[in-house]
Amino acid sequence: MHDRFEILIAIHIVIGAFFVFVGSFGLVKLPSLMSRLHGPSKATTLGVGGCLIASMLHFGALEGRVSIQEMLITFFLFITAPVTAHFIAKAHLHAEVDPESELPPDEGRYGWSTFATMPEVRMASRESRSASGDRLES
Amino acid sequence: MIQYALTFGFVAVSAALMMNLYRLVKGPTVMDRVLAVDTMVVNTIALIILYGIRESTTLYFESALLMAMFSFISTVAYCRFALRGDVIE
């Protein structure tokens, strides 16, 4: 029983460390920031999750004390990783990407939501611009 | 058994940290560097957990939790600073 748990813990540690390595390897090798975001936000989070499962098994099964900190770290990392990736992608879109030429057109009425103003504000500004004779944006 | 796995884990996570450092130094844009620092903190959390397994102590897990929180807050603050030029408006 003891040996089985040791093998299980070792497997989780190896898988977790491998995925941490894969995430950072993707961070180095992938070509652009939008694709580089995938490595840390998916693979590294999975790898840390594997290490945390190994730690929980180690302290729960081998030493007989249940520690709650691993659960807290797991929840916190798994909640904050997508939020962080979303923030970085949004900041990158606003800082580096030209929305007119580099982004594909979308099917909706207002364009990419991160570049759109609120619909009423935009309609009002369009009316004021057409009233003053400026060129309408398509 | 666990000792061999831990050695492999330390080596892999340390190599991952070195690759993050490469991206932090080289990264063409600011957001690349923010992403590299965020990934470095996550890898450091993995390193702390592996160290806790090796030493059989739960003493360092609170520091891992604190690092996770500060990493999230600093990344959000940095992205907001890059977006708006200000953290609190």
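Parameters and conventions
- Residues numbered from 1 in each chain as written.
- Chains lettered and ligands numbered in written order.
- Predicted model: local features only at pLDDT ≥ 70, side-chain atom pairs only at ≥ 80, totals over all residues.
- Heavy atoms only, no water.
- Helix = DSSP H or I, 4+ residues; strand = E, 2+ residues; numbered from the N terminus.
- Areas by Shrake-Rupley, 256 points an atom, 1.4 Å probe, with all protein chains shown as cover.
- Patch = residues over 30% accessible without salt bridge, like charges linked within 9 Å, V, L, I, M, F, W, Y side chains within 5 Å.
- Salt bridge = Lys/Arg side-chain N within 4 Å of Asp/Glu carboxyl O.
- Domains from an automatic or database assignment.
- Buried area = accessible area lost by both parts, 1.4 Å probe.
- Polar contact = N/O pair within 3.5 Å; in protein donor to acceptor, adjacent residues only side chain to side chain.
- Nonpolar A, V, L, I, M, F, W, Y, C, P; charged D, E, K, R; others polar.
- Phe/Tyr/Trp six-rings, centres within 6.5 Å; stacked < 30°, edge-to-face > 60°.
- 1 Å grid on protein atoms, 1.4 Å probe; cavity = no way out; pocket = protein on both sides within 12 Å on 5 of 7 lines; lining within 4 Å.
- Points joined across faces, edges and corners; volume = space filled by probe spheres on them.
- Axes fitted to C-alpha atoms, helices over the stretch in contact; angles between N-to-C directions.
- Parallel < 35°, antiparallel > 145°, perpendicular 65-115°, else oblique.
- Left-handed = near helix turned anticlockwise from the far one by under 90°.

Student: Before we move on, could you go through the overall build of chain A and cite the residues and values that matter?
Tutor: A count of helices and strands for chain A gives five helices and zero strands. Only carbon and sulfur atoms are counted for the fraction: they give 65% of the accessible area of chain A, which is about 8,200 Å².

Student: A description of a nonpolar patch on the surface should follow, citing residues and the corresponding values.
Tutor: On the surface, a cluster of nonpolar side chains totalling about 510 Å² of accessible area is made up of I68, M71, L72, F75 and I79 of chain A. On the secondary structure map, F75 of chain A appears in helix α4 (residues 69-96).

Student: Summarise the domain arrangement of chain A; cite the residues concerned and give the values.
Tutor: All names here are of chain A. Under the domain assignment, chain A is made up of domain 1 (2-97) and domain 2 (98-133). Surface buried jointly by domain 1 and domain 2 totals about 480 Å² across both partners, of which 66% is contributed by carbon and sulfur atoms. Per-residue buried area on domain 1 facing domain 2 is highest for L93, H94 and V97; these three make up 87% of the total on that side. Connecting domain 1 to domain 2 are zero salt bridges. Summed over the shared surface of domain 1 and domain 2, the result is zero residue pairs in polar contact (both at pLDDT 80 or more). Of the residues belonging to the side of domain 1 that touches domain 2, the class tally is two nonpolar, one polar and two charged.

Student: Could you give an account of the packing of aromatic side chains, with specific residues and numbers?
Tutor: What the rule picks out here adds up to six aromatic pairs over all chains. A ring pair is formed by F76 of chain A and F72 of chain B, whose centres lie 6.3 Å apart and whose planes are at 90 degrees; its orientation type is edge-to-face. Residue F76 of chain A is located in helix α4, and its partner F72 of chain B is located in helix α3 (residues 61-84); the two belong to separate chains.

Student: Quick one: what's the story with empty space enclosed by the protein, residue by residue and with numbers?
Tutor: Rolled over the atoms, a probe sized like a water molecule indicates the empty space that remains. The tally for this structure, following the rule as stated, stands at one cavity of 30 Å³ or more. Considering only enclosed or pocket space, the largest cavity measures out at about 170 Å³ in volume. Mapped onto the lining of the largest cavity, the elements with two or more residues apiece are α3 (38-62) and α4 of chain A together with α2 (30-55) and α3 of chain B. Per-element tally for the lining of the largest cavity: the top contributor is α4 of chain A, with six residues. Across the lining of the largest cavity, the residue classes tally to nine nonpolar, six polar and one charged.

Student: Lay out the packing of α4 of chain A against α3 of chain B with the relevant residues and their values.
Tutor: The description of two packed helices rests on the angle between their axes and on the distance between the axes. Across the interface, α4 of chain A lies against α3 of chain B with an axial gap of 9 Å and an inter-helix angle of 15 degrees. With respect to their mutual orientation, α4 of chain A and α3 of chain B come out roughly parallel. Considering only the axes of α4 of chain A and α3 of chain B, their crossing is left-handed. Here the contact of α4 of chain A with α3 of chain B is built from residues that sort into 17 nonpolar, five polar and three charged.

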